[in-house]
Amino acid sequence: MIVQVWRRAIEADVGRVVVAAADRVIADAVEEAGGEAVMTDHDLRSGSDRVHQALARIDRADDIDVVVNLQGDLPTLQPRDLGRVVATLTGSGADVATLAAPTMDESEARDPNVVKVVVAWSDGEETGRALCFTRARAPWGEGPLWHHVGIYAYRREALELFVTLPASALERRERLEQMRALEAGMSIAVGRVDSVPVGVDTPRDLEQARSFFR
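Definitions and cut-offs
Residues numbered from 1 in each chain as written. Predicted model: local features only at pLDDT ≥ 70, side-chain atom pairs only at ≥ 80, totals over all residues. Heavy atoms only, no water. Phe/Tyr/Trp six-rings, centres within 6.5 Å; stacked < 30°, edge-to-face > 60°. Helix = DSSP H or I, 4+ residues; strand = E, 2+ residues; numbered from the N terminus. Buried < 20%, exposed > 50% of the residue type's maximum accessible area, 1.4 Å probe, protein only. Polar contact = N/O pair within 3.5 Å; in protein donor to acceptor, adjacent residues only side chain to side chain. Contact = heavy atoms within 4.5 Å. Core = buried A, V, L, I, M, F, W, Y, C linked by side-chain atoms within 4.5 Å.

**Section: the packing of aromatic side chains**
Part 1 of the argument: Applying the stated rule across the entire model yields three aromatic pairs.
Part 2 of the argument: Here W121 and W146 contribute two aromatic rings whose centre-to-centre distance is 4.6 Å and whose plane-to-plane angle is 55°, an arrangement assigned as tilted. Highlighted residues: W121 in strand β5 (residues 116-122) and W146 in strand β7 (residues 145-155), separated in sequence by 25 residues. Pair check on accessibility: W121 and W146 agree, each one buried.
Part 3 of the argument: Considering the side-chain rings of Y152 and Y154, the 6.3 Å spacing of their centres and the 35° angle between planes classify their relative orientation as tilted.
Part 4 of the argument: Taking the relative accessible area as the measure of exposure, Y152 reaches 9% and is therefore buried.
Part 5 of the argument: Given a relative accessible area of 4%, Y154 falls into the buried group.

**Looking at the side chain of T98**
Part 1 of the argument: By the element assignment, T98 lies in strand β4 (residues 96-103).
Part 2 of the argument: Engagement of the side chain of T98 in a polar contact is seen with the backbone oxygen of V149, the distance being 3.1 Å.
Part 3 of the argument: Side-chain polar atoms of T98 contact the backbone oxygen of I151, separated by 2.7 Å.
Part 4 of the argument: Those residues in contact with T98, other than ones at most four positions away along the chain, are V85, F133, H148, V149, I151, Y152, I188, A189, V190 and G191.

**A short note on the nonpolar core**
Part 1 of the argument: Formed by 26 residues in total, the largest nonpolar core has its most connected members in V117 and F133.
Part 2 of the argument: Not counting chain neighbours up to four residues away, the residues in contact with V117 comprise A100, A130, C132, F133, W146, H148 and V190.
Part 3 of the argument: Among the nonpolar cores identified, the runner-up in size contains 25 residues, and V30, V86, V149 and I151 belong to it.

Spatial relationships are all this shows, so hold off on functional conclusions.
Next comes the structure, spelled out in structure tokens:
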């Protein structure tokens, strides 16, 4: 699965792709496929901390200005989505960028495992500003909800600030680390995409993902 995600990132052609691994087995799998991996500590508290540590280890000269945090559990990711999140960041003045797709699915609206983002949209609803991330149904009223796609592009200085911040109250309550950034006054731009890649969190998810490659 990690190798499949790595391949999608290479196809996106938005820059250097490095897998931040806490397990030598993962690094070996990536390197055997021809990729680049860097070892990181086992006990880091979040993916953002892991990306930050990996960045420090591969770029001691501080040449990289934008870094994308792409989780390894999205094997059906569309390469264009990586280009979209980078363009959303570089085309805005935001500290961080992420993605969201519209949904009218009532089961997703009720599902706390589906993270929703409340967005102030602009530019014909192609880009917007995140106001809140929640596991609840939000916003209220008619219209689509916005299913958050957990890919993040950071300006380097924003990532370096973010990992120094303590966990915030809403982050702990919602179990969503992006609320830490919003509560600290950081800005998160949101780019619209039309579909959500399959995230593999359960055996059922794994079977669904495998069906795409049969």
